[in-house]
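Below are the chains, spelled out letter by letter.
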Amino acid sequence: MSTITISQTTASKSDLKVVSYSKIVRGDADELDTLRKACEEYGFWYLDLNSQNGDPISVVQNVPSVFKIVEEFFDLEDAEKTRYDVDEIGPWKLNGYTPFGRNKGLVGDGKKYGVEGYTFPRDGLCNTDVEGQNFALPQVLKRHSQVLSSFMNQLHDIGLHVLRALDRTMANSEAAEDFLALNHRPSLASTTCLTAQRYPLLSEESTNAGLASHTDVGSLTILFCGERGLQVLSPDTKEWQYVEPKEGCAVINVGDSLRFLSNKSFRSALHRVVPYPGATIKNRFSCAYFIRPNLDAEFIDDDGSSWKSIDWHVRKYKAYRSATTTA
Ligand SMILES: O=C(O)CCC(=O)C(=O)O
Ligand SMILES: [Fe+2]
């Protein structure tokens, strides 16, 4: 699928914490402490998804199949792909194809150095009984809907375990018991979704290529990508640092909503995707599962204004579409 050549590396690399999923599920106190600090200090960390005996849990093994499924869609003619334009199907941009250059910022020269994506909403694909948007899938994706929905259910389960673990770390705070979990009830509607993306070419031929600097709108993003290119803004040095792919691990980050729900104690870090020095990365695939609060969850932003989660979502997507550098 993807190919990569590297001549030299002079890049600054991040030193993110690694949190063991099996340890936080067991309630290991030291690991919960590491998780909490990872949310507070960087807002980015690796979630080690190897089981206790060292084997990767199955969700990691399913990632290549998901990339293959969406590649089939990306290989269609533009005219066919744009029939499923994410901005045309439903008001919340949760369902369908995001063409090259749709989000402003690092658009490269459009197609060759850009990014395209396909987004699958949880309500519609997994939660079929939740009143959702007008859910439709193109034929090439429809035949894989079972694989996609079980992949999303696996990731959702992981995300809820992480939120419950964070709730345990807040036991001594003023927050109600299970506060985070209660704002992410799986049976209630949310804007939770999976987006798979393809970057045809990341190389220094175009330093303007990749995904523009942004923070994520929701609570937790669970990201899989075997290639370099992701950068996070370091809270200490305020410089961009590469997040290296790590075998058997997902990269997790805190989004705006979880920052606000944590009373601003967690960090929603700026991140972006750019070429890697000396490397030519062809066909970089990534997939991000965005866990977001229930539609009517309420929080207060950095400026002291109150928001319902769905209104923050709508505001943020406007910014993604129109920002010149940062959203
Ligand atoms: O492709 C990546 O590695 C990052 C994607 C991302 O940040 C996003 O979709 O919000
Ligand atoms: Fe992101």
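Preceding this section is the structure that the text describes.
Please read all numbers here as calculations on a predicted model, not as lab measurements. All chains use their own residue numbering, which begins from 1 and follows the written sequence. Chains and ligands are labelled by the order in which they are written, letters from A for the one and numbers from 1 for the other. Local features in this predicted model are restricted to residues whose pLDDT is 70 or higher, and side-chain atom pairs enter the listing and the counts only when it is 80 or higher, whereas totals over whole chains, interfaces and linings include all residues. Only heavy atoms go into the side-chain values, all of them from the structure, while hydrogens and water stay out.

Draft legend 1. Seen up close, the overall build of the protein chain. We count a stretch as a helix when DSSP gives it H or I for four or more residues in a row; a strand needs E for two or more, and each element gets its number in order from the N terminus. Of regular secondary structure, the protein chain possesses 10 helices and 15 strands. Each radius of gyration is computed over the set of C-alpha atoms, and the globule rule expresses the reference value as 2.2 Å times the number of residues to the power 0.38. A compact globule built from 327 residues would reach a C-alpha radius of gyration of about 20 Å, and the protein chain, at 19 Å, matches this within 12%. Taken over the C-alpha atoms alone, the protein chain extends approximately 55 × 45 × 45 Å along its principal axes. A buried classification covers 57% of the 327 residues belonging to the protein chain. The contact rule is simple, with two residues in contact once any of their heavy atoms fall within 4.5 Å. For the protein chain, contacts bridging at least 24 residues in sequence account for 77% of all contacts bridging at least 6. All accessible-area figures derive from a Shrake-Rupley calculation using a 1.4 Å probe, and residue coverage is judged against the displayed protein chains alone. Here the protein chain has roughly 14200 Å² of accessible surface; of this, 46% comes from carbon and sulfur atoms. In this tally Asp and Glu are treated as negative and Lys and Arg as positive; neither His nor the chain ends contributes. Here the site of a charge means atom NZ of a Lys, CZ of an Arg, CG of an Asp or CD of a Glu. When the 36 positive and 43 negative side-chain charges of the protein chain are each reduced to one mean point, those points stand 3 Å apart. The buried label goes to any residue with under 20% of its type's maximum accessible area, the exposed label to any with over 50%, and the partly exposed label to all in between, with areas taken from a 1.4 Å probe on protein chains only.

Draft legend 2. Inspection of the coordination of the iron ion (ligand 2) at higher detail. Listed donors are limited to N, O and S atoms within 2.8 Å of the metal, widened to 3.2 Å for Na, K and Ca; water is not among them, so incomplete-looking sites are possible. Donor atoms from the polypeptide that coordinate the iron ion (ligand 2) comprise His-214 (NE2), Asp-216 (OD) and His-271 (NE2), at 2.1 to 2.3 Å from the metal. Donor residues binding the iron ion (ligand 2) come from one chain and are separated in sequence as H-x1-D-x54-H. Here His-214 is found in strand 7 (residues 211–214), whereas its partner His-271 is found in strand 12 (residues 271–273), with 57 residues between them in sequence.

Draft legend 3. Seen up close, the site of ligand 1. If even one non-hydrogen atom of a residue comes within 4 Å of a molecule or strand, that residue is called near it. Around ligand 1 lies a shell formed by Gln-197, Tyr-199, Leu-211, His-214, Asp-216, Leu-223, His-271, Val-273, Arg-284, Ser-286 and Phe-290. Polar contacts here mean pairs of N or O atoms no more than 3.5 Å apart (in protein, one a potential hydrogen donor and the other a potential acceptor; neighbouring residues in sequence count only if both atoms are side-chain atoms). Measuring from an oxygen atom of ligand 1, one finds a side-chain N or O atom of Tyr-199 at 2.7 Å. In this structure, Arg-284 approaches ligand 1 through a side-chain N or O atom, which is 2.9 Å from an oxygen atom. A total of 300 Å² of accessible area belongs to ligand 1 in isolation, and the protein chains cover 94% of it. Among the secondary structure elements, those contributing two or more residues to the shell around ligand 1 are strand 6 (193–202), strand 7, strand 12 and strand 13 (279–291). It is strand 13 that provides the largest number of residues to the shell around ligand 1, a total of three residues. In the shell around ligand 1, the residues fall into five nonpolar, four polar and two charged. All residues other than Ala, Val, Leu, Ile, Met, Phe, Trp, Tyr, Cys, Pro, Asp, Glu, Lys and Arg, Gly among them, are scored as polar; the first ten of these are nonpolar and the last four charged.

Draft legend 4. Representation of the pattern of salt bridges. The rule for a salt bridge is simple: a side-chain nitrogen of Lys or Arg has to be within 4 Å of a carboxyl oxygen of Asp or Glu. Applying the stated criterion across every chain yields a total of 18 salt bridges. Note that Lys-111 is salt-bridged to Asp-78, the shortest N-O span being 2.8 Å. Of this pair, Lys-111 sits in the loop between strand 4 (96–98) and strand 5 (116–121) while Asp-78 sits in helix 4 (residues 78–81), and the two are 33 residues apart along the sequence. If you follow the salt bridges from partner to partner, you end up with Asp-78, Lys-81, Lys-111, Glu-116 and Arg-198 in one network.

Draft legend 5. Representation of the nonpolar core in the model. Among the nonpolar cores identified, the biggest contains 63 residues, and Trp-45, Leu-47, Phe-120 and Phe-224 are the most heavily contacted of them. Contact partners of Leu-47, with chain neighbours within four places excluded, come to Val-19, Tyr-21, Ile-24, Ile-158, Val-162, Gly-248, Cys-249, Ala-250 and Ile-252. Residues grouped as a nonpolar core are buried Ala, Val, Leu, Ile, Met, Phe, Trp, Tyr and Cys residues, joined through side-chain atoms within 4.5 Å. If you look at the next biggest cluster of nonpolar residues, it comprises 29 residues, including Ala-11, Leu-202, Val-243 and Val-274.

Draft legend 6. Examining the pairing of strand 6 more closely. Within strand 6, 10 of the 10 residues are buried, which leaves it mostly tucked inside the rest of the structure. Here, any two strands with at least 2 DSSP bridges between them count as paired. By the bridge criterion, six bridges tie strand 5 to strand 6 in an arrangement that is antiparallel. For Phe-120, the partnering residue across the bridge sits in strand 6 and is Leu-194. Pairing analysis gives nine bridges linking strand 6 to strand 13, with the strands arranged antiparallel.

Draft legend 7. Structural context of the packing of helix 2 (residues 29–41) against helix 7 (residues 145–169). In this description, a line fitted to the C-alpha atoms serves as the axis of each element, helices being fitted only across the stretch in contact, and the angle between N-to-C directions of two axes falls anywhere from 0 to 180 degrees. At a closest axis distance of 9 Å, the pairing of helix 2 and helix 7 adopts a crossing angle of 95°. It follows that helix 2 is roughly perpendicular to helix 7 by the angle criterion. On helix 7, the residues that touch Leu-32, Leu-35, Arg-36 and Cys-39 of helix 2 are Val-162, Ala-165, Leu-166, Arg-168 and Thr-169. Across the contact of helix 2 with helix 7, the residue classes break down as six nonpolar, one polar and two charged. Here the angle decides the label: under 35 degrees means roughly parallel, over 145 means roughly antiparallel, 65 to 115 means roughly perpendicular, and every other value means oblique.

Draft legend 8. Representation of the pairing of strand 13 within the structure. In terms of residue burial, strand 13 counts as a mostly covered element, since 11 of its 13 residues are buried. Pairing analysis gives five bridges linking strand 8 (residues 220–224) to strand 13, with the strands arranged antiparallel. Each bridged residue has a counterpart across the sheet, and for Thr-221 the counterpart in strand 13 is Phe-290.

Draft legend 9. Inspection of the environment of Ser-213 at higher detail. Along the polypeptide, Ser-213 turns up in strand 7. Classification of Ser-213 as buried rests on a relative accessible area of 10%.

Draft legend 10. Geometry of the sheet that holds strand 12. Pairing is antiparallel in the open sheet, where four strands are placed in the order 7-12-9-10. Two strands close off the open sheet at either side, each with one partner strand: strand 7 and strand 10 (240–242). Taking each pair of neighbouring strands and ignoring which way they run, the sheet shows an average axis angle of 25°. Note: strand 9 (residues 230–233) against strand 10, three bridges, orientation antiparallel. Note on strand 10: the bridge partner recorded for Gln-231 is Tyr-242.

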